[in-house]
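Secondary and tertiary structure notes
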Amino acid sequence: MRSDDMCSHCLLPRATVGPLLHSPLATICRSCALGAVERFEAEGVTGADDPRRLAPQWQQVDDDTLLGRIADIAGARDGVEEHLGEWVGRLRERGVSWARIGAALGMTRQSAWERFEKRR
């Protein structure tokens, strides 16, 4: 399953939750988005408030449920890595140097090349 086929917050697939909103780094379902807005409003959160006070849904489930979701979490990680590889590939197609890509990722050009060139 690709990371954009599931909600990044609840990790439920699109087939279960319906349409998803996408950003370059995350995907969210309507239920999670509405829940986040409700929690922000209930807490009176502003930009200066500490977001750690708002417990994500995964903190409210038991250990067995979390353990059962490890495969989903690993799949999401793999999907993010795949997505990052696609973006790096697009940058390389545009002629962007490994040095610039590495700098954007906080690594050397050599590390970026070793991590992503093998996928191309």
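Shown above is the structure to which this text applies.
Attention in this report is confined to the structure presented alongside it. Predicted, not measured: the structure shown is a model, and the values here were computed from it. (Residues numbered from 1 in each chain as written. Predicted model: local features only at pLDDT ≥ 70, side-chain atom pairs only at ≥ 80, totals over all residues. Heavy atoms only, no water.)

Regarding its fold elements, the protein chain presents 6 helices and 2 strands. Each helix and strand of the protein chain, ordered N terminal to C terminal, gives the series α-β-β-α-α-α-α-α. Relative to its full complement of 120 residues, the protein chain shows a buried share of 20%. Within the protein chain, contacts between residues at least 6 apart in sequence are counted, and of these 35% link residues at least 24 apart. Roughly 8,600 Å² of accessible area belongs to the protein chain as shown, and the carbon and sulfur atoms make up 56% of that amount. (Helix = DSSP H or I, 4+ residues; strand = E, 2+ residues; numbered from the N terminus. Buried < 20%, exposed > 50% of the residue type's maximum accessible area, 1.4 Å probe, protein only. Contact = heavy atoms within 4.5 Å. Areas by Shrake-Rupley, 256 points an atom, 1.4 Å probe, with all protein chains shown as cover.)

What follows covers the nonpolar core. Grouped together as the largest cluster of nonpolar side chains are 6 residues: Val 88, Val 96, Trp 98, Ile 101, Ala 112 and Phe 116. Of all elements in the fold, only helix H5 (98-105) and helix H6 (109-116) reach the threshold of two or more residues within this core. For Phe 116, the contacting residues outside a window of four places in its chain are Glu 81, Leu 84, Gly 85, Val 88, Trp 98 and Leu 105. (Core = buried A, V, L, I, M, F, W, Y, C linked by side-chain atoms within 4.5 Å.)

Relative to the elements of secondary structure, Met 107 occurs in the loop between H5 and H6. Setting aside residues up to four positions removed in sequence, Met 107 forms contacts with Gly 102, Ala 112 and Arg 115.

One full turn of an α-helix is made of 3.6 residues, so residues set three or four places apart face in the same direction. Compared with an ideal rise of 1.5 Å per residue, which puts 24 residues at 34 Å, helix H4 (residues 70-93) spans 34 Å between its outermost C-alpha atoms and is within 8% of the ideal. Buried within H4 we find Gly 75, Ala 76, Gly 79, Gly 85, Val 88 and Gly 89. Its buried side turned inward, H4 meets H5 and H6. Residue Gly 95 follows H4 closely and has a positive phi angle near 85 degrees. (Expected span 1.5 Å × (residues − 1).)

Take the environment of Ile 73 next. By secondary structure assignment, the location of Ile 73 is in helix H4. Classification of Ile 73 as partly exposed rests on a relative accessible area of 44%. Ile 73 sits 63 residues away from Cys 10 along the chain, and the two C-alpha atoms are 9.9 Å apart.

Note that Thr 27 resides in strand S2 (residues 27-29). The exposure class assigned to Thr 27 is buried, which follows from its relative accessible area of 6%. Side chain to side chain, Thr 27 and His 22 meet in a polar contact 3.3 Å long. (Polar contact = N/O pair within 3.5 Å; in protein donor to acceptor, adjacent residues only side chain to side chain.)

For side chains of opposite charge, pairing can occur when their charged atoms come near one another. Under the criterion given, the structure shown has 3 salt bridges. With a closest N to O distance of 3.2 Å, Arg 14 and Asp 5 form a salt bridge. On the accessibility criterion, Asp 5 (26% relative accessible area) is partly exposed. A salt bridge links Asp 78 to Arg 77; the shortest N-O distance between them is 2.8 Å. The partly exposed category is assigned to Asp 78, whose relative accessible area is 42%. (Salt bridge = Lys/Arg side-chain N within 4 Å of Asp/Glu carboxyl O.)

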